Amino acid sequence: MATLEALPGPFTFDPATTALLVIDMQRDFMEPGGFGETLGNDVSQLRRTIAPTAALLAACRAAGLTIIHTREGHLPDLSDCPPAKLNRGDPGMRIGAPGPMGRILIRGEYGHDIIDELAPAPGEPVVDKPGKGAFYATGLGELLTSLGVRSLVVTGVTTEVCVHTTVREANDRGYECLVLSDCVGSYFPEFQETGLKMIAAQGGIFGWVADSPTFIAALQ
Ligand code: C5J
């Protein structure tokens, strides 16, 4: 077992039953000139997560931790995208519309894939998800059960959307979640700050928060 200082208090985990979850580090969200930036978002707020997450991935691979990546996106015929999700926003910039890096958030398109800097290593599972949460309509729950995972170290984008939804889903399923503050990002600094506070508030209502150097030190 290992323990590290976190908010709201010490986080204890067994590396043998812990998985690193890297959520939606996709070009559509992260790249300059991509879909996210085209909507007027400041991608530098997400890109600051790249270097710490790359270092974290290296440390977790060296420690033999289970590593799972996710991607948000839909089938080319959009049959897995509910109208309530599809019909939001500017019609020219909706899911499935032609975007700067291929059809927006469509599986198989260049923009849908994970950025080169954080590319999955051979053998690391990539879970494709149609929703914001990584458990909804995916095989993630079964995968974690089959691997004997009990604790999740959560990273990725965006803090208040897919990271939060996934942490809430995981919390309800009984997983202990540690969110790494420097490896999660929001386009909106105020959402980043509040999103992290919401996780650790009320005695850790959804989980714990620490930074990646603290987690890496505990892993070694
Ligand atoms: C969003 C995500 N923000 N991965 N997706 O639409 O957080």
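So, how was this worked out
- Residues numbered from 1 in each chain as written.
- Predicted model: local features only at pLDDT ≥ 70, side-chain atom pairs only at ≥ 80, totals over all residues.
- Helix = DSSP H or I, 4+ residues; strand = E, 2+ residues; numbered from the N terminus.
- Rg over C-alpha atoms; globule rule 2.2 N^0.38 Å.
- Buried ≥ 20, exposed ≤ 12 C-beta atoms within 10 Å, placed from the backbone.
- Contact = placed C-beta atoms within 7 Å.
- Pairing = 2+ DSSP bridges.
- Right-handed = clockwise from strand over helix to strand, strands pointing away.
- Core = buried A, V, L, I, M, F, W, Y, C linked by C-beta atoms within 7 Å.

- Going by an unreviewed UniProt entry, the chain carries the name Cysteine hydrolase and comes from Dactylosporangium fulvum.

## Re the overall build of the chain
Next, step 1: Within the chain one finds nine helices and ten strands.
Next, step 2: Its C-alpha atoms give the chain a radius of gyration of 17 Å, near enough to 17 Å, the size a compact globule of 220 residues would have.
Next, step 3: Each principal axis of the C-alpha distribution contributes one length, and for the chain these read about 50 × 35 × 30 Å.
Next, step 4: Residues counted as buried form 40% of the 220 residues belonging to the chain.
Next, step 5: If you take every contact in the chain between residues at least 6 apart in sequence, the share linking residues at least 24 apart comes to 72%.

## So, the pairing of strand E9 (residues 176–185)
Next, step 1: Counting buried residues in E9 gives eight out of ten residues, a clear majority hidden from the surface.
Next, step 2: As judged from the six bridges shared by strand E8 (residues 151–157) and E9, these two strands associate in the parallel manner. From the neighbouring strand, Val 154 faces E9, where its bridge partner is Val 179.
Next, step 3: At this point the chain moves from E8, through helix H7 (residues 159–172), to the parallel E9, and the crossover so formed is right-handed.
Next, step 4: Bridge count between E9 and strand E10 (residues 208–210): three bridges; the pairing is parallel. Each bridged residue has a counterpart across the sheet, and for Val 179 the counterpart in E10 is Val 209.
Next, step 5: For the handedness criterion, the β-α-β arrangement of E9, helix H8 (residues 189–204) and E10 is classed as right-handed.

## What to know about the environment of Gly 203
Next, step 1: Tracing the chain through its elements places Gly 203 in helix H8.
Next, step 2: Given 7 C-beta atoms within a 10 Å radius, Gly 203 is considered exposed.

## Examining the nonpolar core
Next, step 1: Grouped together as the largest cluster of nonpolar side chains are 45 residues, with contacts concentrated most on Leu 21, Val 154, Leu 178, Val 179 and Leu 180.
Next, step 2: Examining the composition of this core, we find that six residues originate from one element, E9, more than from any other.
Next, step 3: Leave out the neighbours within four places in its chain, and Val 154 touches Leu 21, Ile 23, Val 163, Thr 166, Val 167, Cys 177, Leu 178 and Val 179.
Next, step 4: Formed by six residues, the second largest nonpolar core is a distinct cluster that contains Cys 81, Ile 95, Ile 104 and Ile 106.

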